[in-house]
Amino acid sequence: MADEEDDNGFDEELDDGTSGVDVGHGKRKRLFSKELRCMMYGFGDDQNPYTESVDILEDLVIEFITEMTHKAMSIGRQGRVQVEDIVFLIRKDPRKFARVKDLLTMNEELKRARKAFDEANYGS
């Protein structure tokens, strides 16, 4: 799809201040470009997807995160975002809810494994 000058991977993005865009005029610095490019490739897009496609997808992701954060801040403890607030907001979407449950379970398992590893190595 996009220019295929770099056959062995994604075009490297240099952080010279030009990759971000002017924040003062309604445009944002691109925060997730590398990750989104990898995800798009993993889901079947070209290895070097069009920059416009990545930018649109990033705008959607940032909009979703912003909306969810604002909603989470308005419920529960005012002005604070807690995991329970996010779970409450996505409870009616079975796919998102299942994924969040899986990630939270995995996080707990990793914490227990690290704790057991540290105790075994450092003897507490």
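Residues numbered from 1 in each chain as written. Predicted model: local features only at pLDDT ≥ 70, side-chain atom pairs only at ≥ 80, totals over all residues. Heavy atoms only, no water.

K.L.:
Please clarify how the pattern of salt bridges should be interpreted in this entry.
P.N.:
Side chains that differ in sign of charge can pair as their charged atoms come close. One pass over the structure, following the stated rule, counts 5 salt bridges. Put simply, Asp-59 and Arg-30 hold a salt bridge, and the shortest N to O gap is 2.8 Å. Here the residue Asp-59 occupies a position in helix H2 (residues 51-74), and Arg-30 occupies one in the segment before helix H1 (33-42), the gap between them amounting to 29 residues. With a closest N to O distance of 3.9 Å, Glu-108 and Lys-111 form a salt bridge. Linking Glu-108 with Lys-111, this pair stays in helix H4 (residues 94-122), spanning 3 residues, or about one helical turn. Overall, Glu-108 belongs to the partly exposed group, its relative accessible area being 38%. A cluster of three or more residues bridged by salt bridges with shared partners is formed by Arg-30, Asp-55, Glu-58 and Asp-59. (Salt bridge = Lys/Arg side-chain N within 4 Å of Asp/Glu carboxyl O. Helix = DSSP H or I, 4+ residues; strand = E, 2+ residues; numbered from the N terminus. Buried < 20%, exposed > 50% of the residue type's maximum accessible area, 1.4 Å probe, protein only.)

K.L.:
Would you mind going over the packing of aromatic side chains with me for this structure?
P.N.:
Overall, the coordinates contain 0 aromatic pairs when judged by the stated rule. The ring of Phe-88 is capped by Arg-91, whose NZ or CZ atom sits 3.9 Å from the centre of that ring. (Phe/Tyr/Trp six-rings, centres within 6.5 Å; stacked < 30°, edge-to-face > 60°. Lys NZ or Arg CZ within 6 Å of the ring centre and 35° of its normal.)

K.L.:
What is the right way to read the confidence of the model for the protein from this model?
P.N.:
Parts of the prediction with low pLDDT should not have their coordinates interpreted in detail. Looking at the protein as a whole, its pLDDT mean stands at 81, while 76% of the residues score no less than 70. For residues 1-25, every residue scores under 50 in pLDDT, and the model assigns this stretch 34 contacts once sequence neighbours within four places are set aside. (pLDDT = per-residue confidence, 0-100. Contact = heavy atoms within 4.5 Å.)

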